[in-house]
Amino acid sequence: MATKTQTAATAAAGTDKSKKRKRAMRLAKATNVAFSLEPQVRARLAEQARTEGLELGHYLQKVLETHVVDTAEDGDALVERIRAKRAVIDHITNLAKELDANDKFDEHFVLTVMKTAAADEAFMAFYNTAIGGEGKQSKMSQKPLNQQLGRLIRKAVGAKGMKTDRGTVARAQTSGEIISSYTLLTKQG
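Residues numbered from 1 in each chain as written. Predicted model: local features only at pLDDT ≥ 70, side-chain atom pairs only at ≥ 80, totals over all residues. Heavy atoms only, no water.

1. Structural notes on the packing of aromatic side chains
So, step 1. The full count for this structure, using the stated rule, is two aromatic pairs.
So, step 2. Lying across the ring of F105, K187 places its NZ or CZ 4.8 Å from the centre. (Phe/Tyr/Trp six-rings, centres within 6.5 Å; stacked < 30°, edge-to-face > 60°. Lys NZ or Arg CZ within 6 Å of the ring centre and 35° of its normal.)

So this is what it looks like as structure tokens:
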């Protein structure tokens, strides 16, 4: 027969295992990785990123994802998602430049680019593959991709986020679109 102390200890051990399991799950879902680089390595990578017209973080993501693609086995579903994401990103940045060149830029430019892209069935096939399909689970992948696309649209046309009178970033909400919110943009001259 177990004593109260033994029962409490067993329960505590179970709780500790549960906490460890939950922590492991949180870490597995983490999307940020932090590491240090030598200053010369960082400078060289930053220069390579500038050459490609990318921010350093996006460039590093692209380099690492390319490594995963190059070293994966045939038929790897992750590789297909990465390739689809790359196609989505390339299409969005090219479309943003094209629309900007055709004088379509206004404060709602992010929405304009995303709506234009979403009207293309081929784009949507890549987009849905990139976020892991349609449905509730894909919504978790959709938000970070959409945020990245918003930043890339802004960078592609040399725009900045508008500020409110209080100095905060001006955002707009939408419904029934591929994105639910976006930053309003402005350009100097």
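2. Considerations on unusual backbone geometry
So, step 1. Located in the positive-phi region is D103, a residue other than glycine, with phi close to 60°.
So, step 2. Locating D103 in the fold gives a position in the loop between α4 (77-101) and α5 (109-118).
So, step 3. Given a relative accessible area of 71%, D103 falls into the exposed group. (Helix = DSSP H or I, 4+ residues; strand = E, 2+ residues; numbered from the N terminus. Buried < 20%, exposed > 50% of the residue type's maximum accessible area, 1.4 Å probe, protein only.)

3. Here we look at the pattern of salt bridges
So, step 1. According to the stated counting rule, one finds seven salt bridges in the structure shown.
So, step 2. K62 is paired through a salt bridge with E52; the nearest N and O atoms lie 3.3 Å apart. A residue pair is termed long-range when its members are at least 10 positions apart, and K62 in helix α3 (residues 56-71) and E52 in the loop between α2 (39-51) and α3 qualify at ten residues.
So, step 3. For E52, a relative accessible area of 44% corresponds to the partly exposed category.
So, step 4. A salt bridge links D100 to K187, with the shortest nitrogen-to-oxygen separation between them at 2.6 Å. Of the two residues, D100 is situated in helix α4 and K187 in the segment after β4 (185-186); the sequence distance between them amounts to 87 residues.
So, step 5. Residue D100 is classed as buried on the basis of its relative accessible area, which comes to 19%.
So, step 6. A cluster of three or more residues bridged by salt bridges with shared partners is formed by E65, K85 and R86. (Salt bridge = Lys/Arg side-chain N within 4 Å of Asp/Glu carboxyl O.)

4. So, the packing of α4 against α5
So, step 1. Axis separation between α4 and α5 bottoms out at 10 Å; the angle between their running directions is 115°. Seen from above, α4 lies across α5 with right-handed handedness. Facing H91, I92, L95, A96, L99 and D100 of α4, the residues of α5 in contact are F109, T112, V113, M114, T116 and A117.
So, step 2. Looking at the contact of α4 with α5 residue by residue, the classes come out as eight nonpolar, three polar and one charged. (Axes fitted to C-alpha atoms, helices over the stretch in contact; angles between N-to-C directions. Left-handed = near helix turned anticlockwise from the far one by under 90°. Contact = heavy atoms within 4.5 Å. Nonpolar A, V, L, I, M, F, W, Y, C, P; charged D, E, K, R; others polar.)

5. With respect to the packing of α2 against α3
How two helices pack is summed up by the angle between their axes together with the distance between the axes.
So, step 1. Their axes nearest at 9 Å, the elements α2 and α3 cross at an angle of 90°. With respect to α3, the element α2 is oriented roughly perpendicular. Together, R42, L45, A46, Q48 and A49 of α2 and L56, Y59 and L60 of α3 make up the contact between the two elements.
So, step 2. The residue inventory of the contact of α2 with α3, partitioned by class, reads six nonpolar, one polar and one charged. (Parallel < 35°, antiparallel > 145°, perpendicular 65-115°, else oblique.)

6. Quick notes on the side chain of H58
So, step 1. The residue H58 is located in helix α3 in this model.
So, step 2. On the accessibility criterion, H58 (7% relative accessible area) is buried.
So, step 3. Within the structure, the side chain of H58 is placed 3.2 Å from the side chain of R86, a separation counted as a polar contact.
So, step 4. At 2.6 Å, the side chain of H58 and the side chain of Q148 are in polar contact.
So, step 5. Ignoring sequence-local partners within four residues, the contact set of H58 consists of R86, I89, Q148 and L152. (Polar contact = N/O pair within 3.5 Å; in protein donor to acceptor, adjacent residues only side chain to side chain.)

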